[in-house]
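Here is how the chains run, residue by residue.
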Amino acid sequence: MSTAISRRSFLKMVTATGAVAGTGFFVYPGKEALAASSAPEEVKYSHCVMCNHVPKCGIKAIIKEGKIFRIEKREGYLNNLLCAKGLSSLQEIYEPHRLLYPVKRTNPKGEPSKWQRITWDEALQTIAEKFNGVKEKYGADKVLFIAGDPKEPRSILQRLAFTFGSPNTGTESSTCYTANEVTSKLLYGKEWYTASSITTPGIAPTPDTNCCFIWGNNPAWAMPFSFDRMRNLKKRGVKFVVVDPRVTPTVHSFADIHLQLRPGTDGAMALGLAHMIIRDGNYDKDMVEMWVHGWDEYREYVRQFTPEKTAEITGVPVDRLEKAAAMVPGGPIIIKTAPAFGHHSNGVNNYRAMMMLVPLTGSLDVPGGHSIVNEPLPVDLWEATYEFARSPELLPKIRHLRADQEYFPVWADLDEQGTIQVNMLPEYVRDGKVRAALALGVNTMMWPQAHEYKKAFQDMEFAVAVDFHENPWTHDYVDMLLPAAVSFERSAPLTIYGRNIFLREPIVKPLGEARSDWRICCDIGTALGLGEYFYGGGEEAEEKCLREVVRTLHAGISYDDLRAASPAPVAIPMKSGPKFKKWELGMLRPDGKPGFTSTTGKIEFVSEFLRERGFDPLPVYREPVYSPVSTPEERKKYTLLFNSGSREPFYTHSKGRGTPWLRQLQPDPLVRMNPVDAEARGIKHGDWVLLTSPMGKEIKMKARLTNIVLPGCVDLIHGWVQADCNLLVSRDFDPISGFPPYKEGLCEIRKA
Ligand SMILES: Nc1nc2c(c(=O)[nH]1)N[C@H]1C(S)=C(S)[C@@H](COP(=O)(O)OP(=O)(O)OC[C@H]3O[C@@H](n4cnc5c(=O)[nH]c(N)nc54)[C@H](O)[C@@H]3O)O[C@H]1N2
Ligand SMILES: Nc1nc2c(c(=O)[nH]1)N[C@H]1C(S)=C(S)[C@@H](COP(=O)(O)OP(=O)(O)OC[C@H]3O[C@@H](n4cnc5c(=O)[nH]c(N)nc54)[C@H](O)[C@@H]3O)O[C@H]1N2
Ligand code: SF4
Ligand SMILES: [Mo]
């Protein structure tokens, strides 16, 4: 053990100076990471996972002496441009504070951690004793298996949970993608492939697309590769409407019309557009007559959202609303949105109102519209198979033990993949529904009022985290910490572009004693006495798992075929050509009848599923929980509307702050505010300011004065430990999806 600066003091240091320095206990000795520049070069191919996008961007790595020396874009690849984060992934692997060994806590949880290095054998034995102990005393379901933003370990984590007997697996998608999925399932039915493909239209430029809405999405910063593809769409003459309270680079690059609405009023905006489209007869009458359930009730509800009322609620002038509605006729529309759309207390209903515009305008599963995937491969969102995760086989027997059932019955009843809504973790622990956890890549700062989640981990009988680094804001509350291999050191489940399947193999060896998440899960499964499902653990388990993933694709290819083709992909041919309007062809229902898998077999503009569970079945518009309209008293004290967690180009959530290239580009936690609001408060560009909200907490950020944000609005960047914007966000979850209201609320700012 060298003398050291800990990760904690390292973080303080980088906070204070923006510099990276020092070595320490868990610290990778920096110099050894570097190869001699004269050494011979070897080229290997991989994929970037710095922002966990699918499809991932291609990486060409120059290797010398077994170390990555340089990273370049991968020519001839679908996503071949690398953003700043992708280019900096080199620094993530050799970040001087990589965690290299398993460690256990020697002091109480909740205090600054004191860790002791242990062997993998001791770690696995302890985990097995603790988890099996909880299982014997309280039941297997009391152990939670949770993954944060990392997507790749989710299938193996589920296999581990279900085989152990717990239905309680959760992910960060509790704040991210699942609200889209819930919305889509409420409209079209539980069938997952339909739901996921409709909500995420691949912007495949076709001359048939008439108009593209970019709604609550800033691909310029959050999804650079799709930004590029959308530019092609623009070049082909497609018209764009951007719906965003900010004037982002996406607005500058695309918007023929910018609807700069008050945050959180999207539901009213969508209902207002529907009003004008119906008023002008610009809707698909056959579709509505044949395939929409609840049309009369919906049309009656929409009647009240006149242009004038919509303008009053959203703040967008009537003439601009009319211009946007007038763009719709003439062909199918595409609505490009993003998970962040669900970050509202009325998120799902706002979403439903917006997504109903797709069938309303005749844009469902037609050329140039929102297509439903043709001959879907049986892979989950994380590029492994359900069969591998064992969900179809095991989940039906244990799903009644889900911890989220009483809190979010809509989510729980719609979910067939086995991912619970984890945002009530403090309540689950308080109520004894969760007593232990395996946490792969979890960051407590992702939740509103993070201290409650920290306490939840602290109060568990046993919690073990797996990460690249020791992050005190999460790991001070767990009992044990295991070192994870980074993407370049491990295989992926699979990497899939359309029907092209890539095998991503490790390009360098793991540093220290780091292990891949897949192997760690197999090792834990084996230690738990379930070795037959986890190949006995050990170094070869990962490959054996992947062989099983490929086998369960049932696509006529094997793992060896993929390896032989690597780094090129293997293409899975379609049995027949693409089909459209698949519901008419009976392709969406297991019984082969025309229609959808919803309760009524139609597209539910009025949701019977919601009605059965006591919710209003219409896509009702409700004001944000805190807003000038709903809380006028609070508004007097907190005069600014806030939007937290806008993506910025250089970081993914809480990651990357220790990466020198990125930190140089963005050294401080920022709040963007309009110069008008700054001047009224005596704040100058670059001043440190204090932010407060009705939650009673205070954080300190640096002011960036910019016209990107509307006067009266501010925009806070998330993921900074020294300024966690989620302390200002309330836990007023959307009652349907359980999503937090990250993108609405009130706050006040003063000079520090
Ligand atoms: N205020 C506000 N809060 C938000 C949002 C917002 O917009 N506003 N957005 C929400 C959304 S959409 C999301 S997706 C979440 C983000 O969710 P988080 O899960 O908080 O994302 P990260 O900060 O990336 O944290 C991931 C952790 O996993 C570790 N890690 C990364 N890759 C791996 C891996 O492969 N294996 C292992 N074992 N560990 C790994 C990282 O070191 C890090 O500690 O935040 C949510 N929180
Ligand atoms: N660089 C980078 N890229 C990322 C990530 C990252 O952390 N960093 N995270 C990834 C993840 S997990 C996700 S979920 C995606 C998120 O991707 P996006 O959803 O595109 O990201 P955001 O910047 O949170 O939000 C998009 C836009 O929504 C606008 N907005 C805010 N409130 C409202 C509102 O009430 N109504 C409307 N219509 N618009 C509103 C914001 O002004 C912003 O311009 O990004 C992914 N890409
Ligand atoms: S957009 Fe950037 S961070 Fe995301 S996969 Fe591509 S290169 Fe990596
Ligand atoms: Mo996300």
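As the structure is a computational prediction, the values presented were derived from the model and not from experiment.

### Brief notes about the packing of helix H4 (residues 120–138) against helix H24 (residues 517–527)
- Where H4 meets H24, the closest approach of the two axes is 9 Å, and the angle between their N-to-C directions is 60 degrees. By the angle class used here, H4 and H24 are oblique. Note that H4 runs across H24; the crossing there is right-handed. Of the residues in H24, those in contact with Trp-120, Leu-124, Ile-127 and Ala-128 of H4 are Ile-520, Asp-523, Ile-524 and Ala-527.

### Brief notes about the pairing of strand S12 (residues 333–336)
- Burial along S12 is two-sided: the residues Ile-333 and Ile-335 and Ile-334 and Lys-336 are all buried.
- Relative to S12, strand S8 (residues 211–215) runs parallel, the two being bridged by four bridges. Directly across from Cys-211, in S12, lies its bridge partner Ile-333.

### Overview of the site of ligand 3
- The immediate surroundings of ligand 3 are formed by Cys-48, Met-50, Cys-51, His-53, Cys-57, Leu-82, Cys-83, Lys-85, Gly-86 and Pro-224.
- In terms of residue class, the shell around ligand 3 is built from seven nonpolar, two polar and one charged.

### A look at the confidence of the model for the chain
- Put simply, the chain has an average pLDDT of 91, and 94% of its residues get 70 or more.
- A low-confidence stretch, residues 1–5 (pLDDT under 50), is modelled with 17 contacts involving residues beyond four sequence positions or located in other chains.
- Note that pLDDT drops below 50 for residues 13–29; the model gives that stretch 52 contacts with residues more than four away or on any other chain.

### Regarding the packing of helix H5 (residues 154–164) against H24
- Remark: H5 packs on H24, axes separated minimally by 9 Å, with the N-to-C direction vectors making an angle of 10 degrees. On the basis of the axis angle, H5 is roughly parallel to H24. Counted together, Ser-155, Ile-156, Leu-157 and Leu-160 of H5 and Asp-517, Trp-518, Cys-521, Cys-522, Ile-524 and Gly-525 of H24 form the full contact between these two elements.
- Classifying every residue of the contact of H5 with H24 gives seven nonpolar, two polar and one charged.

### A look at the pattern of salt bridges
- The tally for this structure, following the rule as stated, stands at 57 salt bridges.
- Here Glu-513 ties to Arg-117 by a salt bridge, and the two come within 3.0 Å at their closest N and O atoms. Of this pair, Glu-513 sits in the loop between strand S17 (500–502) and H24 while Arg-117 sits in strand S5 (residues 115–117); the two residues are 396 residues apart in sequence, bridging distant segments of the chain.
- Owing to a relative accessible area of 28%, Glu-513 belongs among the partly exposed residues under this scheme.
- With relative accessibility at 39%, the residue Arg-117 sits in the partly exposed group.
- As a salt-bridge pair, Lys-751 and Asp-687 come within 3.5 Å of each other at their nearest N and O atoms.

### Looking at the domain arrangement of the chain
- By domain assignment, the chain separates into domain 1 (2–93), domain 2 (103–174 + 377–494 + 510–543), domain 3 (204–369 + 597–612) and domain 4 (632–751).
- Across the domain 1 to domain 4 interface the summed buried area is about 1300 Å²; carbon plus sulfur atoms make up 60%.
- In this structure, the connection of domain 1 to domain 4 is made through zero salt bridges.
- The set of elements that each furnish at least two residues to the side of domain 1 that touches domain 4 consists of helix H1 (7–17), helix H2 (84–87) and helix H3 (89–93).
- Looking at the side of domain 1 that touches domain 4 residue by residue, the class counts come to nine nonpolar, five polar and two charged.

### Concerning the site of ligand 1
- Residues in close proximity to ligand 1 total 27 residues, the closest being Asn-443, Asp-467, Ser-654, Asn-726 and Lys-743.
- A distance of 3.0 Å is found between a nitrogen atom of ligand 1 and a backbone nitrogen or oxygen belonging to Met-446.
- Here a nitrogen atom of ligand 1 sits 2.9 Å away from a polar atom, N or O, in the side chain of Ser-644.
- With the chains in place, 98% of the 910 Å² that ligand 1 exposes on its own is no longer accessible.
- A breakdown of the residues in the shell around ligand 1 according to their chemical character gives eight nonpolar, 11 polar and eight charged.

### As for the side chain of Arg-98
- Of note, Arg-98 is situated in the loop between H3 and strand S4 (103–105).
- Within the structure, the side chain of Arg-98 is placed 3.1 Å from the backbone oxygen of Ile-93, a separation counted as a polar contact.

### Things to note about the environment of Glu-416
- Within the element layout of this structure, Glu-416 appears in the loop between helix H20 (409–414) and helix H21 (425–430).
- Each C-alpha atom, one on Glu-416 and one on Ser-491, is 27 Å from the other, the two residues being 75 residues apart in sequence.
- Beyond its immediate stretch of four places on either side in the chain, Glu-416 contacts Lys-185, Lys-190, Leu-395 and Arg-399.

### Considerations on the packing of aromatic side chains
- Applying the stated criterion across every chain yields a total of 24 aromatic pairs.
- Look at Phe-145 and Phe-164: their rings are 5.9 Å apart centre to centre, the planes differ by 65 degrees, and that puts the pair in the edge-to-face class. With Phe-145 in strand S6 (residues 143–147) and Phe-164 in helix H5, this pair connects stretches of sequence that are 19 residues apart. Take Phe-145 and Phe-164: they sit in the same class, and that class is buried.
- Plain terms: the ring middles of Phe-240 and Phe-254 are 4.8 Å apart, the flat faces sit at 40 degrees to each other, and that makes the pair tilted. With Phe-240 in strand S9 (residues 239–243) and Phe-254 in helix H10 (residues 249–254), the pair connects residues that are 14 residues apart, well separated along the chain.
- Residue class for Phe-240 comes out buried when judged on its relative accessible area of 0%.
- Take Phe-254: its relative accessible area is 1%, and that puts it in the buried class.
- Three or more aromatic residues joined by ring pairs form one cluster here, namely Phe-131, Phe-145, Phe-164 and Phe-462.
- Looking at Arg-105, its charged tip hangs above the ring of Trp-115, at a distance of 4.7 Å from the centre.
- Taking the ring centre of Phe-609 as reference, the NZ or CZ of Arg-613 above it sits at 3.8 Å.

### Description of the side chain of Asn-643
- Its place among the elements puts Asn-643 in strand S20 (residues 640–644).
- A polar contact is formed between the side chain of Asn-643 and the side chain of Asp-715, at a distance of 3.3 Å.

### Remarks on the sheet that holds strand S23 (residues 698–705)
- One closed barrel holds the six strands; their spatial order is S20-S24-S21-S23-S22-S25, and the pairing between them is mixed. Pairwise comparison of adjacent strand axes, ignoring direction, gives a mean angle of 45 degrees for this sheet.
- Here strand S21 (residues 670–673) runs beside strand S24 (residues 713–716); their pairing, made up of three bridges, is antiparallel. Paired with Val-671 across the two strands is Leu-716, which belongs to S24.

Cut-offs applied
- Residues numbered from 1 in each chain as written.
- Chains lettered and ligands numbered in written order.
- Predicted model: local features only at pLDDT ≥ 70, side-chain atom pairs only at ≥ 80, totals over all residues.
- Heavy atoms only, no water.
- Axes fitted to C-alpha atoms, helices over the stretch in contact; angles between N-to-C directions.
- Helix = DSSP H or I, 4+ residues; strand = E, 2+ residues; numbered from the N terminus.
- Parallel < 35°, antiparallel > 145°, perpendicular 65-115°, else oblique.
- Left-handed = near helix turned anticlockwise from the far one by under 90°.
- Contact = heavy atoms within 4.5 Å.
- Buried < 20%, exposed > 50% of the residue type's maximum accessible area, 1.4 Å probe, protein only.
- Pairing = 2+ DSSP bridges.
- Near = heavy atom within 4 Å.
- Nonpolar A, V, L, I, M, F, W, Y, C, P; charged D, E, K, R; others polar.
- pLDDT = per-residue confidence, 0-100.
- Salt bridge = Lys/Arg side-chain N within 4 Å of Asp/Glu carboxyl O.
- Domains from an automatic or database assignment.
- Buried area = accessible area lost by both parts, 1.4 Å probe.
- Polar contact = N/O pair within 3.5 Å; in protein donor to acceptor, adjacent residues only side chain to side chain.
- Areas by Shrake-Rupley, 256 points an atom, 1.4 Å probe, with all protein chains shown as cover.
- Phe/Tyr/Trp six-rings, centres within 6.5 Å; stacked < 30°, edge-to-face > 60°.
- Lys NZ or Arg CZ within 6 Å of the ring centre and 35° of its normal.

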